Each structure stands twice: as structure tokens, then as C-alpha cells.
Amino acid sequence: MNCGDINELSPLWHSGELDASRQKSFDAHIAGCAECAAELREQWAGDARLRDAIAAEPADTSEIQRHVMRSISRERVRHWLVPGVAAAAAILATVLVLNRPKPAPVNPAIFADAARDHTVEVIKQSPRRWRTDPAEIATLETSQGIADSDVKALQATGYLLERAKPCRLGGTPYLHLVYIKNGREVSVFLKARGNQTTDDASSTSGNLQLAAFTRGKVQAVIVTDAPRGECVKFTHDAAAVL
Amino acid sequence: MTSREHEFSEMALPQASSLLRFARRLTSDPAAAEDLVQETLMRAWRGFDQFRGGSNARAWLFRILLNTFYGQGRKGRLTLVPLGETDKAGAHSNNAAFEITDALAKLPVDQRTVLMLGVVEGFTCREMSEMLHIPMGTVMSRLSRARQAMRLQLEPTLKDGAGSRAYSHKES
């Protein structure tokens, strides 16, 4: 080994990583080279001074340690809590689903009354007190707990609101609305949904097509003497906008 | 405290001071260094399952600190100490110690890192090579350059008196 080798290998000598063979050669060189020996001693002393300087530096980590252990503790609580909360939420959801009012089949009397009303009051145009003024219609809507926005939304089907009157289907108050498009009239009976919902249903009565559904905040019954395809389209569109 | 938390605290918390001193050398201010140590310890806790008992806990923690530092540094959260800036991190009342830490702060971060890890923390060149993901030869040359740079910085001060020749390296 020469002085250059000593310089190159000195980091391994300081860290005690020289293998036995190189350690022997290293030691042999510095034993005979005062300059290299002095150099290594100086490096050693400089390292010691650096260690002392760093060690003299205050390094209070008590706050860091407290914070870390508090965070670990919080993570543990969350770890236990989150599955617990998830389980509780699942139970609650199950309870809500089980307790949710089940949709009821449409009362046949409702379809029968709706078919009769449409036939008598719309097709045969028997004299009734219809409201056509928007303000009066709005008053009827309010009295029956129906949102004006729902009534107007149905015009997105392409049918325009023409008139309205209160009525009863199966003994229950409904708002009878008549929408018209190209001379063809459709009866839409609306009532506030309340807690009870009904299954979507459809039926025919003579040449009448009937449909019923619950959407949003209303239950709707639709009656028309239009072809079945048109009734289906209107019903689909109405259900989509409510 | 669970037994696992106890085991972790016994293993990691005694290293907090060393980690903090090292972190101060990497970051620009004491608060950032404390954040870095805190983040390091939390990451260590989250990865504690992967830590094998009996392996080198200190090396594992310092590796996490370095990974955290370089990860955060890339995002700009932590900044490197600018070359030439005095060491504000460790408030020394001792002038000689201040001169040394000031000289250390002026080294490039790669030299500062190996000097801290190798000289102060006592890691071997092989351990540093694994920690820093660089060849051993690179670790050795960085250490030699770092010792040389410290000598050059401290020589004028040390020639005046106490602690002279604290860092001396023969030109070869």
C-alpha cells in the first residue's frame, strides 16, 4: 500500500470495515509512514470534535415524542372506531330499510275512479268547475300539498297544462290536471306522497290507458285515450321529471 | 398503551434526539426539522409490522427519515440549507462548537449527510451505501471530500488557537 491507498481507504479504516488482509497492509504502512499516521490521527481528532459539537447541541424531543404517541393513540382509537361506526351505519341502514313503508299495490278503485273521471269530465266534457287561471290552479296545488314546480315540470313532456280541478279517487283527494298536446288530452291525477308509496302499475279500461307511479313527493295516476305507445312515453317522461 | 405501542416507543423514541440533530442538518430551520422527525416516527409506526426485530433499528429509522426528507424536498415543503448559510438550527453557546457546526452547514448536502451519518451516528460505509442507495465507493469519496472541506473551512479559525488541526487531510 502507498500513501494514495491510505487516503482512499481511510473511510473504511475509520469505520472498521477493512477486511483482515487490507487491515494488515494498512497497519503496516502507517507503522512506517509518520505522515500518514499523523494524518489519520488528525482526522480522528476532527471526527471527535464534530461528534462533540453535535452532541453539545440541545435537542429536546419530549414534545415530539408526546405528539407522536398521542397520534399513535388516536390512530388506534380510529382503527377501532371506524369499523364500529361502519357496523353501526350498516345496522342503521338495515333498520331503515326494514322499517321503510313497503310500496303498496295500486288500489283498483283509484284506477276505476280515474278512468270514470277522464271519460266523463274530459272525453264527454260534462260540465265541471275547472280552473284555468294559473293563480287559481296554484291555490289548489297548495291546498293539496303539491309543489307548483312539479305541476309545471310535467310540461317538459311536451304537453301543456290546460286546466285543473279537485277530485277524489278511491275516496282520497287528488288534483285532476289536464294536459294537452295537438288536441289530445291527458289526465294527470296528483296527490302528495306522504309516507305511503305505491308500486308502479299500468292498466287498461276500454280504450283508456292507465298508469300509476310514485316519484319525488307525489303519487301520480295517468289516464289517456291515446294509443298505448304514447301513454307509455308520456308516463316515462312524466316519471323522469317528477 | 398497547404492548405493540410500548415496543415501538422503546425502540424508536430513544433515537429521537439523534434523528432531530440529523434532521436539523438537512432542513433549513428547527421547526421543519421537528416536523421531519415527527413524520419519520409516524411513518415508522405505520411500517412497524415490516420491521424485523433484531435488525438495525437505527439504520431503519434514519432510512425512513432520509426517504421522507427527499420525498418532501421534491414537493418543496422542506428546503435545503443554502450553501454558506450559518447553522441556525442548533443554538450553541460554545463558540468552538458553533464554528464546527457552521462549517458543517456550509457543506453540500451530500457531504453533510455522510459526515453526519458516518462520523456522528457511526454508520458504516456499507450501511450508508444501502441507506442512500449509492455505491460504497461514492460514500467513501464523499466522506473524504467532506473531511477535506471541513479542514479547509476550519483551518483559519483553528490556526488561531484551540482545536487547531481539528480537520486535516493530506493532499495526495
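Structure report, in brief.

Calculation rules
- Residues numbered from 1 in each chain as written.
- Chains lettered and ligands numbered in written order.
- Predicted model: local features only at pLDDT ≥ 70, side-chain atom pairs only at ≥ 80, totals over all residues.
- Helix = DSSP H or I, 4+ residues; strand = E, 2+ residues; numbered from the N terminus.
- Buried ≥ 20, exposed ≤ 12 C-beta atoms within 10 Å, placed from the backbone.
- Contact = placed C-beta atoms within 7 Å.
- Nonpolar A, V, L, I, M, F, W, Y, C, P; charged D, E, K, R; others polar.
- Pairing = 2+ DSSP bridges.
- Core = buried A, V, L, I, M, F, W, Y, C linked by C-beta atoms within 7 Å.
- Axes fitted to C-alpha atoms, helices over the stretch in contact; angles between N-to-C directions.
- Parallel < 35°, antiparallel > 145°, perpendicular 65-115°, else oblique.

## Quick notes on the overall build of chain A
Here is step 1 of the chain: Broken down by element type, chain A carries eight helices and six strands.
Here is step 2 of the chain: Going residue by residue from the N terminus, the α and β elements of chain A occur as α-α-α-α-α-α-α-β-β-β-β-β-β-α.
Here is step 3 of the chain: Across the 242 residues in chain A, those meeting the buried criterion constitute 29%.
Here is step 4 of the chain: If you take every contact in chain A between residues at least 6 apart in sequence, the share linking residues at least 24 apart comes to 58%.

## Some words on the interface of chain A and chain B
Here is step 1 of the chain: Each partner contributes residues to the interface: chain A has 33 residues there, and chain B has 42 residues.
Here is step 2 of the chain: Where the side of chain A that touches chain B is concerned, the elements lending two or more residues are helix H1 (3-15), helix H3 (34-55) and helix H4 (62-99) of chain A.
Here is step 3 of the chain: Here the side of chain A that touches chain B takes 12 residues from H3(A), the largest share from any one element.
Here is step 4 of the chain: Residue classes in the side of chain A that touches chain B are distributed as 14 nonpolar, 10 polar and nine charged.

## Some thoughts on the pairing of strand E2 (residues 172-181) of chain A
Residue and element names in this part refer to chain A.
Here is step 1 of the chain: Where strand E1 (residues 160-169) meets E2, nine bridges bridge the pair, whose relative direction is antiparallel. Bridging across to E2, Leu160 finds its partner in Ile180.
Here is step 2 of the chain: Here E1 hands over to E2 after two residues, with Gly170 in that stretch at a positive phi of 60°.
Here is step 3 of the chain: Across seven bridges, E2 lies against strand E3 (residues 184-192) in antiparallel orientation. Paired with Ile180 across the strands is Glu185, a residue of E3.
Here is step 4 of the chain: Hairpin connection from E2 to E3: two residues lie between these consecutive antiparallel strands, with Asn182 at a positive phi of about 55°.

## Remarks on the pairing of strand E4 (residues 201-205) of chain A
All names here are of chain A.
Here is step 1 of the chain: Note: E4 against strand E5 (residues 208-215), five bridges, orientation antiparallel. Looking at the pairing, Ala201 lines up with Ala212 of E5.
Here is step 2 of the chain: From the end of E4 to the start of E5, which pair antiparallel, there are two residues, and Gly206 there has a positive phi angle of about 65°.

## Re the nonpolar core
Here is step 1 of the chain: Leu19(B), Ala23(B), Val37(B), Leu61(B), Leu65(B), Leu115(B) and Met128(B) are the most contacted members of the largest nonpolar core, which has 59 residues in total.
Here is step 2 of the chain: Not counting the four nearest positions on each side in its chain, Val37(B) is found in contact with Thr61(A), Ile64(A), Ala16(B), Leu19(B), Leu20(B) and Ala23(B).
Here is step 3 of the chain: Among the nonpolar cores identified, the runner-up in size contains 36 residues, and Leu154(A), Ala211(A), Ala212(A) and Val223(A) belong to it.

## Quick look at the packing of H3(A) against helix H5 (residues 95-105) of chain B
Here is step 1 of the chain: Between H3(A) and H5(B), the least distance of the axes is 9 Å, while the angle of their chain directions is 105°. As far as their axial angle goes, H5(B) and H3(A) are roughly perpendicular. Of the residues in H5(B), those in contact with Arg49(A), Leu50(A), Ala53(A) and Ile54(A) of H3(A) are Ala97(B), Ile100(B) and Thr101(B).
Here is step 2 of the chain: For the contact of H3(A) with H5(B), the per-class residue count stands at five nonpolar, one polar and one charged.

## Details of helix H2 (residues 16-26) of chain B
Given 3.6 residues per turn, any residue in an α-helix points the same way as the ones three and four places further on.
Here is step 1 of the chain: Among the 11 residues in H2(B), 10 count as buried, and that is most of the element.
Here is step 2 of the chain: Those residues of H2(B) not exposed but buried are Ala16(B), Ser18(B), Leu19(B), Leu20(B), Arg21(B), Phe22(B), Ala23(B), Arg24(B), Arg25(B) and Leu26(B).

Scope: geometric values only; no functional claims are made or implied.
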